[in-house]
Amino acid sequence: MRYAYSFTAALLLTGSAFALVNGNSATAQAVNTSPVTYSGKAPGGAPDSFADLTEALQPSVVNIKTKKEVTVGGGNSIFGRSPPQTREQESGGSGFVISADGLIVTNNHVIVGGRNNEVVDQVTVIFADGKEYPAEIVGRDEQSDLALLKINETNLRYVELESKPTSRVGDWVIAIGNPLGLGSTVTAGIVSALQRNIGAGGAYDRFIQTDTAINRGNSGGPLFNLEGKVVGINNRLISPVAANIGINFAIPSEEAVPVIEALKRGERVERGYLGVSISPVDEATAEAIGLERNRGEIVQLVRKGDAADKSGIKAGDIITKINGLDVKPDQTLSFIVANIKPGTQIPVELLRKGSPQKLTVTVGKRPPEDKLAQEDFNPDEEKEFEEKPESDSSNAQTIREALGIRVIPLTPDIGRVMRVDDDVTGVVIEIAGRGPAAQAGLRRADIISSVNYKSVTSAEELATQINEVKKLGRKNALLGVRRRGGELRYITVRLGG
């Protein structure tokens, strides 16, 4: 289960009165003092029991156990260099069967592990009756935090994902999952809010909020309505104590369905993309330019050559409507655009220096997350290995073992951010870590241009040159390093590993 380890409580005290105008006299008014009434069928409280519903659904919900070999230890200490050790890390979560032939939905974060969130080595699915099956990973999508598994079994009982937004605030829901490793557990509650933006960012920051008790291990499990359909996929909670306090969040099923269908087909999920960095229009910004509160998002950066740039969108523009939809906190620009097919032409309404403008933009295709990370590179940001998944390629492993760093290509976008000349080549340190390179004084955003005077322009070349140095039996490497605004200098690093 994902956690946000802080929360804010607010009391909003408001008073209101409604005046009714008499149709025969413009001056005749009366204050409405009548209470709100409900003419429909009374809800009648909670169901007498959830037992029948649970009995029908529980066979389709699974516990998920994962195993991964991780390397711990290693490095220098007052007792000398200690060798790294390999240990088996176990974790788990929940999931649910969506087809008779063994397709199972869960969260992506359930099937990654280790310090750098690589895909786990082994996945085991356990049913409520105790039967266990090895599972393969069919596909996964980091941005939506969804994954699809497959077990070799047929004639399974399965459940249906609701493909349309049918939930209403106040609806009863039940969750079935594996909280705290206890095994199949059922909890009940209500839908507390819909389309809840919790500051996670991106196109999928629109959750069902529920007070249904979910805890660590419920991740990836289903949130059912009283018809037995999956309306949400339990994903995270907000708590100051890392345990349930009744503020929990599920991915809406109607947003999960397109992702799951793409994973079934073995496809990478295609999302719309403009190529802009944006931020909400806060109260101060709105007041400064005379804009209605909670309306629109301001463009901070336009990436050259991408969809927004080609359409004429500029930094400083405030996008208020796109594809006919208002941009607002519960309907963000990222969400709207991500759910539009790449190549579609859509209208955009914006304010430029206070003046309304209308443009047409052809939606682009969102690049892979690793490329976006390069485009959003901030040389002044401090990053640790735990914060971002790392490629498990042999090149990345070689570089990390020898230098204790992770590198990314020196792209034109990164070069512009760092204001280096176009003829500068090399690789950029994205994470400096605390290993040999950091101990030698290297830091994030330094550019490594050579190893023992041999040029490197990619992670592969850097790894190759490190291996060449090791083959010669040498314990140190001379790196050509360039820091922002500085000249090339040479730093000797004692190689690890």
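Residues numbered from 1 in each chain as written. Predicted model: local features only at pLDDT ≥ 70, side-chain atom pairs only at ≥ 80, totals over all residues. Heavy atoms only, no water.

Enquirer: Account for the overall build of the protein, with residues named and values stated.
Expert: Per the secondary structure count, the protein includes 10 helices and 33 strands. Every one of the 497 residues in the protein was classed for burial, and the buried ones make up 44%. Counting only contacts in the protein whose residues sit at least 6 apart along the sequence, the fraction spanning at least 24 positions is 61%. For the protein, the computed accessible surface area is about 26,700 Å², with 48% contributed by carbon and sulfur atoms. (Helix = DSSP H or I, 4+ residues; strand = E, 2+ residues; numbered from the N terminus. Buried < 20%, exposed > 50% of the residue type's maximum accessible area, 1.4 Å probe, protein only. Contact = heavy atoms within 4.5 Å. Areas by Shrake-Rupley, 256 points an atom, 1.4 Å probe, with all protein chains shown as cover.)

Enquirer: Residue-level account of a negative patch on the surface, with values.
Expert: On the surface, a cluster of negative charge is contributed by Asp421, Asp422, Asp423 and Glu487. On the secondary structure map, aspartate 422 appears in the loop between helix H8 (412-418) and strand E29 (427-431). Residue aspartate 422 is classed as exposed on the basis of its relative accessible area, which comes to 81%. (Patch = residues over 30% accessible without salt bridge, like charges linked within 9 Å, V, L, I, M, F, W, Y side chains within 5 Å. Salt bridge = Lys/Arg side-chain N within 4 Å of Asp/Glu carboxyl O. Lys, Arg positive; Asp, Glu negative; His and termini not counted. Charge placed at Lys NZ, Arg CZ, Asp CG, Glu CD.)

Enquirer: How would you summarise unusual backbone geometry if you had to cite specific residues and measurements?
Expert: The residue asparagine 155 is not glycine, and still its phi comes out positive at about 60°. The phi angle at asparagine 452 is positive, at roughly 50°, despite the residue not being glycine. Note on placement: asparagine 452 falls in the loop between strand E30 (447-451) and strand E31 (454-455). Here asparagine 452 falls in the partly exposed class, since its relative accessible area comes to 24%.

Enquirer: Give me the pattern of salt bridges: which residues, what numbers.
Expert: Throughout the structure, instances matching the rule amount to 14 salt bridges. In this structure, the salt-bridge partner of glutamate 261 is lysine 264, at a minimum N-O distance of 3.2 Å. Placement of the pair is glutamate 261 and lysine 264 together in helix H2 (residues 253-264), with a separation of 3 residues, close to one helical turn. The class of glutamate 261 is partly exposed, set by a relative accessible area of 32%.

Enquirer: Explain the packing of helix H7 (residues 394-403) against helix H10 (residues 459-471) to me, and be specific about the residues and the numbers.
Expert: Geometrically, a packed helix pair is captured by the angle between its two axes and the distance between the axes. One way to put it is that H7 packs onto H10 with a least axis distance of 9 Å and a crossing angle of 55°. As judged from the angle between their axes, H7 and H10 are oblique. Seen along the crossing, H7 lies across H10 with a hand that is left-handed. Here Asn395, Thr398, Ile399, Ala402 and Leu403 of H7 come into contact with H10, specifically with Ala459, Glu460, Leu462, Ala463, Ile466, Asn467 and Lys470. Looking at the contact of H7 with H10 residue by residue, the class counts come to 7 nonpolar, 3 polar and 2 charged. (Axes fitted to C-alpha atoms, helices over the stretch in contact; angles between N-to-C directions. Parallel < 35°, antiparallel > 145°, perpendicular 65-115°, else oblique. Left-handed = near helix turned anticlockwise from the far one by under 90°. Nonpolar A, V, L, I, M, F, W, Y, C, P; charged D, E, K, R; others polar.)

Enquirer: Give me H10: which residues, what numbers.
Expert: Each α-helix turn comprises 3.6 residues. Residues three or four places apart therefore point the same way. Compared with an ideal rise of 1.5 Å per residue, which puts 13 residues at 18 Å, H10 spans 18 Å between its outermost C-alpha atoms and is within 8% of the ideal. Among all positions in H10, only Leu462, Ala463, Gln465, Ile466 and Val469 are buried. End-on, the buried residues of H10 take up no more than an arc of 165°, which puts them together on one face. Those residues of H10 that are exposed and aimed more than 90 degrees away from the buried face are Glu460 and Lys471. Check the buried side of H10 and you find it contacts H7, strand E28 (406-409), E29, E30, E31 and strand E32 (476-482). (Expected span 1.5 Å × (residues − 1). Arc of directions from axis to C-beta.)

Enquirer: Go over a nonpolar patch on the surface with me, naming the residues and quoting the values.
Expert: There is a patch of nonpolar side chains on the surface, built from Tyr453, Leu488 and Tyr490 and spanning about 340 Å² of accessible area. You can see tyrosine 453 is positioned in the loop between E30 and E31.

Enquirer: Outline the packing of aromatic side chains, supporting the account with residue identities and numerical values.
Expert: Under the criterion given, the structure shown has 4 aromatic pairs. For the ring pair phenylalanine 127 and tyrosine 133, a centre distance of 5.6 Å and an interplane angle of 80° mean the geometry is edge-to-face. Residue classification places phenylalanine 127 among the buried positions, given a relative accessible area of 8%. Against the face of phenylalanine 335 rests arginine 206, its NZ or CZ located 3.6 Å from the ring centre. (Phe/Tyr/Trp six-rings, centres within 6.5 Å; stacked < 30°, edge-to-face > 60°. Lys NZ or Arg CZ within 6 Å of the ring centre and 35° of its normal.)

Enquirer: A description of the pairing of strand E11 (residues 122-127) should follow, citing residues and the corresponding values.
Expert: The buried fraction of E11 amounts to 5 of the 6 residues, a majority that puts the element mostly inside the structure. Pairing geometry for E11 and strand E12 (residues 132-141), over 4 bridges, is antiparallel. Paired with isoleucine 126 across the strands is glutamate 132, a residue of E12. Count of turn residues in the E11/E12 antiparallel hairpin: 4 residues, of which glycine 130 carries a positive phi of about 95°. (Pairing = 2+ DSSP bridges.)

Enquirer: Residue-level account of the confidence of the model for the protein, with values.
Expert: A low pLDDT score tells you not to read the predicted coordinates there in detail. Residue-level pLDDT values for the protein average 81, and 80% of them are 70 or greater. Per-element confidence in the protein ranges from a low mean pLDDT of 33 for strand E2 (residues 19-21) to a high of 96 for strand E8 (residues 103-106). Under a pLDDT of 50 for its full length, residues 3-29 has, in the predicted model, 27 contacts with residues more than four places off or in other chains. Confidence drops under pLDDT 50 across residues 387-392; counting only partners more than four residues distant or on other chains, this segment forms 19 contacts. (pLDDT = per-residue confidence, 0-100.)

Enquirer: Mind laying out the pairing of strand E13 (residues 146-151), listing which residues take part and the relevant values?
Expert: Moving residue by residue along a regular strand, the side chains alternate between the two faces of the sheet. In terms of residue burial, E13 counts as a mostly covered element, since 5 of its 6 residues are buried. Of the pairings in the sheet, the one linking E8 to E13 comprises 4 bridges and is antiparallel in character. Of the residues in E13, the one forming a bridge with leucine 103 is lysine 150. What sits between E12 and E13 in their antiparallel hairpin is a turn of 4 residues, with aspartate 145 showing a positive phi close to 60°.

Enquirer: So, the side chain of histidine 109: which residues are in play, and what are the values?
Expert: Within the secondary structure layout, histidine 109 lies in the loop between E8 and strand E9 (112-113). In terms of polar contacts, histidine 109 uses its side chain to reach the side chain of aspartate 145, at 2.7 Å. Engagement of the side chain of histidine 109 in a polar contact is seen with the side chain of serine 219, the distance being 2.8 Å. (Polar contact = N/O pair within 3.5 Å; in protein donor to acceptor, adjacent residues only side chain to side chain.)

Enquirer: Quick rundown of the environment of alanine 437? Include the residues and the values.
Expert: Topologically, alanine 437 is positioned in helix H9 (residues 436-439). Put simply, alanine 437 and leucine 495 are 58 residues apart on the chain and 8.3 Å apart in space, counted from C-alpha to C-alpha. Once residues lying within four places of it in the same chain are set aside, the contact partners of alanine 437 are Leu403, Ile405, Leu442 and Val493.

Enquirer: Tell me what's going on with the nonpolar core, and back it up with residues and numbers.
Expert: Formed by 29 residues in total, the largest nonpolar core has its most connected members in Phe96, Ile98 and Phe224. Contributing elements (two or more residues each) for this core: helix H1 (51-57), E8, E13, strand E14 (172-177), strand E18 (230-238), strand E19 (248-252) and H2. In terms of residue count, the dominant contributor to this core is H2 (6 residues). With 23 residues, the next largest nonpolar core counts Leu403, Ile405, Val427 and Leu442 among its residues. (Core = buried A, V, L, I, M, F, W, Y, C linked by side-chain atoms within 4.5 Å.)

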